[in-house]
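Chain residues, written in single-letter form:
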Amino acid sequence: MTNPDCIFCKIVAGDIPGDIVHKDDLVTAFRDINPVAPSHILIVPNKHIPDNNTFTEQDEHIAGRIFRIVKLLAEQEGISESGYRLIMNTGPDSHQEVMHMHMHLIGGQGMKYPMG
Ligand code: AMP
């Protein structure tokens, strides 16, 4: 299930370029175009889920995969021990910009937080 107007759906589908660091049957991870830290990766479901409020019981396995891949990517980035932040924005007060659910994995020295 994809949304033709969604930029993250287009990255998942390969229709526009993304700096992809991981892809499997459920999730895709790519580097944020405007990083706030040395490591700033977005992990997104391959299927179009707008945000956490529209996440359903049928998608629980996707959440598990997101957290497993976060752990893998943190190890690959060398930030497992030094530490990282996970952020998932939902709703207008959170300033969610892209309406395709995504987890920010942010780590490394000098991270700017909060964002924006
Ligand atoms: P959020 O405010 O949680 O919706 O975050 C959206 C994030 O997507 C921001 O950190 C943007 O820098 C990032 N972003 C927007 N467009 C792209 C893109 N084409 N490739 C990678 N990251 C993007």
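Residues numbered from 1 in each chain as written. Predicted model: local features only at pLDDT ≥ 70, side-chain atom pairs only at ≥ 80, totals over all residues. Heavy atoms only, no water.

**Q** Looking at this structure, how should I read the pattern of salt bridges?
**A** Oppositely charged side chains can pair when the atoms bearing their charge come close. This model, assessed by the stated rule, comprises five salt bridges. Between D24 and R65 there is a salt bridge, with its nearest N and O atoms 3.1 Å apart. Taken together, the residues D24 in the loop between strand 1 (20–23) and strand 2 (27–31) and R65 in helix 2 (residues 60–77) connect sequence positions 41 residues apart. Neither residue differs from the other here; D24 and R65 are each classed as buried. Notably, a salt bridge pairs D59 with K47, separated by 2.7 Å at the nearest N-O pair. Residue D59 is found in the loop between strand 3 (39–45) and helix 2, and its partner K47 is found in the loop between strand 3 and helix 2; the two are separated by 12 residues along the sequence. For K47, a relative accessible area of 30% gives the class partly exposed. Because the salt bridges share partners, they merge into one network encompassing D19, R31 and E77. (Salt bridge = Lys/Arg side-chain N within 4 Å of Asp/Glu carboxyl O. Helix = DSSP H or I, 4+ residues; strand = E, 2+ residues; numbered from the N terminus. Buried < 20%, exposed > 50% of the residue type's maximum accessible area, 1.4 Å probe, protein only.)

**Q** Would you mind going over the site of the ligand with me for this structure?
**A** Neighbouring the ligand are 16 residues; D32, N89, E97, H102 and H104 lie closest to it. Measuring from an oxygen atom of the ligand, one finds a backbone N or O atom of E97 at 2.7 Å. Between V98 and the ligand, the recorded distance is 3.0 Å, taken from a backbone N or O atom to an oxygen atom. For the ligand, whose unbound accessible area comes to 510 Å², protein coverage reaches 87%. If you tally residues by element for the shell around the ligand, the top one is helix 1 (residues 7–13), at three residues. Grouping the constituent residues of the shell around the ligand by class yields seven nonpolar, six polar and three charged. (Near = heavy atom within 4 Å. Polar contact = N/O pair within 3.5 Å; in protein donor to acceptor, adjacent residues only side chain to side chain. Areas by Shrake-Rupley, 256 points an atom, 1.4 Å probe, with all protein chains shown as cover. Nonpolar A, V, L, I, M, F, W, Y, C, P; charged D, E, K, R; others polar.)

**Q** Is there a simple way to explain the packing of aromatic side chains in this structure?
**A** Both the distance between ring centres and the angle between the ring planes are used here to describe each pair of aromatic rings. Applying the stated rule across the entire model yields one aromatic pair. Plain terms: the ring middles of F8 and F30 are 5.1 Å apart, the flat faces sit at 75° to each other, and that makes the pair edge-to-face. In this pair, F8 is assigned in helix 1 and F30 in strand 2, connecting sequence segments 22 residues apart. The exposure class assigned to F8 is buried, which follows from its relative accessible area of 7%. Taking relative accessible area as the criterion, F30 reaches 3% and is therefore assigned buried. (Phe/Tyr/Trp six-rings, centres within 6.5 Å; stacked < 30°, edge-to-face > 60°.)

**Q** Sorry, what's going on with a nonpolar patch on the surface here?
**A** Nonpolar side chains collect at one region of the surface, where F67, Y84 and L86 lie side by side and expose about 270 Å² of accessible area between them. Turning to its location among the elements, L86 is positioned in strand 4 (residues 84–87). (Patch = residues over 30% accessible without salt bridge, like charges linked within 9 Å, V, L, I, M, F, W, Y side chains within 5 Å.)

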